[in-house]
Amino acid sequence: MAQGEFALIGTGEVPYGRYPERSEFEIAYRVAKLAIQDAGIDKDEIGAVIGAAHIMGSSYNTELFFGRLPEAIGARNCKITASTISGGASSFSIRKTVEGILASGETDTVLVVHAQRFSQFGVNELGKYFAAAGSDSEWDVPYGMTYNALAAMVTQAYLAATPATIEEVASVCVTLRKWAMLQPNAMFNSKELTVEKVLGSRMVAYPLTSLMCNLLADGGCAYVMTTAEKARRVCSKPVYVLSDASQYSHRSITSAKVKDISELGTMGELASRAYERAGLGPKDMDIFEIYASYPGVTLMVLDSLGITEPGTSGQLIASGKCDPGGPYPISTNGEAMGMGHTGTGVGLGLFVESVRQLQGKAGRAQVEGARFLIENCGGGAFMDCHFTVLGNEIPA
Amino acid sequence: MQQNISEIQQMLGLSDEDVAKPLPEPTPWSQPFWDAAREHRLVLRRCNTCGAYQHPPYPSCEACYEEDFSWVDAAGRASLWAYTVNHFAVPFPFLADLPYVTAIVELAEGVRMISNIVECDHDSLRNGMELEVVFDDVSDEFTLPKWKPVGR
């Protein structure tokens, strides 16, 4: 990938939360229209529509796979439709798919759409699905594993191996909530949190309390991606993809390629590669858009980003330096903890927020003068990690 | 608690099948593990070509890609790698077990497994502590290897 070859020119998003009456199709249709309008292009410019599959299945997926959206949108020059999914890493695998389509020259404008409606499923269905989502149904699920338990084990090991404290983990929730309070579409944007309140909430899976566990949400978002050449023509402030770096470690957490589980968070080398490929360093970043889904994992990722010594990112967050107005803004939409967890959409939501920030369209959450940011995502049992550096200019 | 659970089951309209504990669904390349567990033996698959242990097993050896294996007896010793104590929001079939410990254990042979730590004081769990295998006959067909602190 040549640096700055592709660009984002518009985004769309609907409110996240519990909206059982709003179908997946309605979400997808609405976010698509918002993104097209925000990009300022004609719908007939769209040459490909890529969707993130709805997790836990849905007739929406069948429609998506068979290309309902271009017809519904009236994208009369659409040539390619596809669905791409890799769990929590879907935002990355989708973007790489889009880059391939753009590089092929078949079209210069691609629409990406995500929609999820968890509220259609019963408690038991959700419980069963999320017991197996991060685990292995033969080797882990018979032992009563859950996604919360998985995140709890990772957090427990991180706390045991580093100077980080459970109070610092709680402070991540407080910071993420502060960001979510600035987001009109966030599920949790009305009540502030305190460390005491987070620590005092019901114990779910030691050391995680209920306010340290994300909640599932209905929601969706979309974006329009194009070539840098076209972006400069049609958009006053495009956001360029400057670089990325990826790794896959395992599917079962027991197969993680690390000596100690707390090393799952040592992704410093990978982040450095992304920085280097962009010709930038951590000091150049105005925002750190971290996808973690659980606050302990936020610390593990932040440890890797070159702004703090490994094991001390909790001190940085607890000091308020990652809050709105602080020098190291993180996860400016509040991420899964603040927006709500939309399945494959958490990473897409964070990516859309990244684009908004660099376009200067982030509203009350806007980080003034933001030029560059690093964004990450990963899926399953912390199986993979992808860093992307975005910028609203291409570094010389 | 038990009565509470049947009330919740009724409230949610769940069948007995819905609330049955999930059991392993063995593959052709994992069946010997479960057969041995039923006899209260812990076995691991070792590659005859390169000697690597592998768990969970797949059709070929992760290290050398060959498909020639032996199942060998494990020492039945492990150390605690990471753990959690589950208190709330677990799948329905595990409600009656709360609070229970799920953990990652690292066996003496170097492979890791998800399991439960049983017969232990939850407050005394420490990463790195030594564990020994115990066997839990969860159904007529399946026995789950679990772990307890050594000497308990």
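Residues numbered from 1 in each chain as written. Chains lettered and ligands numbered in written order. Predicted model: local features only at pLDDT ≥ 70, side-chain atom pairs only at ≥ 80, totals over all residues. Heavy atoms only, no water.

A. Summary view of the overall build of chain B. Helix and strand counts for chain B stand at two helices and eight strands. Helices and strands appear in chain B in the N-to-C order α-α-β-β-β-β-β-β-β-β. The principal-axis extent of the C-alpha atoms belonging to chain B is close to 55 × 35 × 25 Å. Here chain B holds 152 residues, and 45% of them are scored as buried. Across chain B, the fraction of contacts at a sequence separation of at least 24, relative to all contacts at a separation of at least 6, is 53%. Put simply, chain B shows about 7,800 Å² of open surface, and 45% of that area lies on carbon and sulfur atoms. (Helix = DSSP H or I, 4+ residues; strand = E, 2+ residues; numbered from the N terminus. Buried < 20%, exposed > 50% of the residue type's maximum accessible area, 1.4 Å probe, protein only. Contact = heavy atoms within 4.5 Å. Areas by Shrake-Rupley, 256 points an atom, 1.4 Å probe, with all protein chains shown as cover.)

B. Main features of the overall build of chain A. Assigned secondary structure in chain A consists of 14 helices and eleven strands. Against the 2.2 N^0.38 benchmark of 21 Å for 396 residues, chain A shows a C-alpha radius of gyration of 20 Å, consistent with a compact globule. Judged by the C-alpha coordinates and their principal axes, chain A covers about 55 × 50 × 40 Å. Evaluated residue by residue, chain A yields a buried proportion of 65% over its 396 residues. Considering only contacts within chain A whose residues lie at least 6 apart along the sequence, 77% involve residues at least 24 apart. (Rg over C-alpha atoms; globule rule 2.2 N^0.38 Å.)

C. Highlighting the pairing of strand S1 (residues 43-47) of chain B. Residues and elements named next belong to chain B. With respect to burial, S1 is a largely interior element, four of its five residues being buried. Of the pairings in the sheet, the one linking S1 to strand S3 (residues 69-73) comprises five bridges and is antiparallel in character. Across the sheet, the residue bridging to Leu44 is Val72, located in S3. Bridging between S1 and strand S2 (residues 53-54) involves two bridges; their strand directions are antiparallel. By the bridge assignment, Arg45 is partnered in S2 with Gln54. (Pairing = 2+ DSSP bridges.)

D. Region of interest: the pattern of salt bridges. Residues and elements named next belong to chain A. What the rule picks out here adds up to 23 salt bridges over all chains. Asp38 is the partner of Lys361 in a salt bridge, and the nearest nitrogen-oxygen pair spans 2.8 Å. You can see Lys361 sitting in the loop between helix H14 (345-359) and strand S10 (372-377) and its partner Asp38 sitting in helix H1 (residues 24-39), a full 323 residues away along the chain. Classification of Lys361 by relative accessible area gives partly exposed; the value is 36%. Through salt bridges that share partners, Arg95, Lys96, Glu99 and Asp244 make up one connected network. (Salt bridge = Lys/Arg side-chain N within 4 Å of Asp/Glu carboxyl O.)

E. Up close: the sheet that holds S3 of chain B. In spatial order, the strands read S2-S1-S3 (chain B); together these three strands make up an open sheet with antiparallel pairing. Since the sheet does not close on itself, it has two edges, and those belong to S2 and S3 of chain B, each with one partner.

F. The arrangement of the nonpolar core in detail. Core analysis: the largest hydrophobic core is formed by 127 residues, its most contacted members being Leu111, Ile253 and Phe387 of chain A together with Ile117 of chain B. Among the elements that make up this core, the one with the highest residue count is helix H6 (residues 147-161) of chain A (ten residues). Setting aside residues no more than four positions away along its own chain, Phe387 of chain A makes contact with Ser243, Asp244, Ala245, Met267, Leu270, Ala271, Ala274, Val301, Leu305, Ile374, Glu375 and Asn376 of chain A. With 34 residues, the next largest nonpolar core counts Ala52, Val98, Leu182 and Leu358 of chain A among its residues. (Core = buried A, V, L, I, M, F, W, Y, C linked by side-chain atoms within 4.5 Å.)

G. Just H6 of chain A, in detail. Here H6 of chain A is 15 residues long and its end C-alpha atoms lie 21 Å apart, about the 21 Å a rise of 1.5 Å per residue gives. The backbone nitrogen of Asn148 of chain A has a side-chain oxygen 3.3 Å away, supplied by the residue at the start of H6 of chain A, namely Thr146 of chain A. (Expected span 1.5 Å × (residues − 1). Polar contact = N/O pair within 3.5 Å; in protein donor to acceptor, adjacent residues only side chain to side chain.)

H. Quick peek at the side chain of Gln183 of chain A. Locating Gln183 of chain A in the fold gives a position in the loop between helix H7 (166-180) and helix H8 (195-200). The residues contacting Gln183 of chain A, other than those within four sequence positions of it, are Asn189, Thr332, Asn333, Met339, Glu353, Arg356 and Ala365 of chain A.

I. Just the interface of chain A and chain B, in detail. Between chain A and chain B, the contact holds 33 residues from the first and 40 residues from the second. Between chain A and chain B, roughly 3,200 Å² of surface is buried when both sides are summed, and carbon and sulfur atoms account for 61% of that area. In terms of surface lost to chain B, no three residues of chain A exceed Trp139, Tyr143 and Thr254 of chain A, which account for 25% of the buried area on that side. If you look at where chain A meets chain B, you find zero salt bridges. For the pair chain A and chain B, the interface holds 15 residue pairs in polar contact (both at pLDDT 80 or more). The biggest single contributor to the side of chain A that touches chain B is H6 of chain A, with six residues. Grouping the amino acids of the side of chain A that touches chain B by side-chain chemistry returns 19 nonpolar, eight polar and six charged. (Buried area = accessible area lost by both parts, 1.4 Å probe. Nonpolar A, V, L, I, M, F, W, Y, C, P; charged D, E, K, R; others polar.)

J. Structural view of the side chain of Thr11 of chain A. Structurally, Thr11 of chain A is set in strand S1 (residues 6-13). Each residue touching Thr11 of chain A, except ones within four places of it in the same chain, is listed here: Leu34, Ala35, Asp38, Ala222, Tyr223, Val352, Val355 and Arg356 of chain A.

K. Expanded view of the packing of aromatic side chains. Here the structure, examined in full by the defined rule, presents twelve aromatic pairs over all chains. Their ring planes at 20 degrees and their centres at 5.1 Å tell us that Trp139 of chain A and Trp34 of chain B sit as a pair that is stacked. With one member in each of two chains, Trp139 of chain A in the loop between helix H5 (123-133) and H6 and Trp34 of chain B in helix H2 (residues 31-38) form a pair that bridges those chains. A single burial state applies to Trp139 of chain A and to Trp34 of chain B, both of which are buried. These aromatic residues form a ring-pair network of at least three members: Phe118, Tyr129, Phe130 and Tyr147 of chain A. Positioned above the aromatic ring of Phe88 of chain B is the side chain of Arg202 of chain A, whose terminal nitrogen or guanidinium carbon lies 3.6 Å from the ring centre. The cationic tip of Arg45 of chain B hangs over the ring face of Phe69 of chain B; the distance from NZ or CZ to the ring centre is 3.4 Å. (Phe/Tyr/Trp six-rings, centres within 6.5 Å; stacked < 30°, edge-to-face > 60°. Lys NZ or Arg CZ within 6 Å of the ring centre and 35° of its normal.)

L. Layout of the pairing of strand S7 (residues 130-137) of chain B. All names here are of chain B. Relative to S7, strand S4 (residues 77-86) runs antiparallel, the two sharing three bridges. Residue pairing across strands places Arg77 opposite Glu132, the latter belonging to S7. With seven bridges connecting them, S7 and strand S8 (residues 143-149) associate as antiparallel partners. When the bridges of S8 are listed, Val134 appears paired with Lys146.

M. View of unusual backbone geometry. Note that the residue after Tyr206 of chain A, namely Pro207 of chain A, is joined by a cis bond; omega there is 5 degrees. Along the chain, the position of Pro207 of chain A falls in the loop between strand S5 (203-205) and strand S6 (208-209). Of note, the bond from His55 of chain B into Pro56 of chain B is cis; its omega dihedral lies within 30 degrees of zero at -5 degrees. Of note, Pro56 of chain B is situated in the loop between S2 and S3. Unlike most non-glycine residues, Ser293 of chain A shows phi in positive territory, near 75 degrees. If you trace the backbone, Ser293 of chain A turns up in the loop between strand S9 (287-289) and helix H11 (295-303).

Spatial relationships are all this shows, so hold off on functional conclusions.
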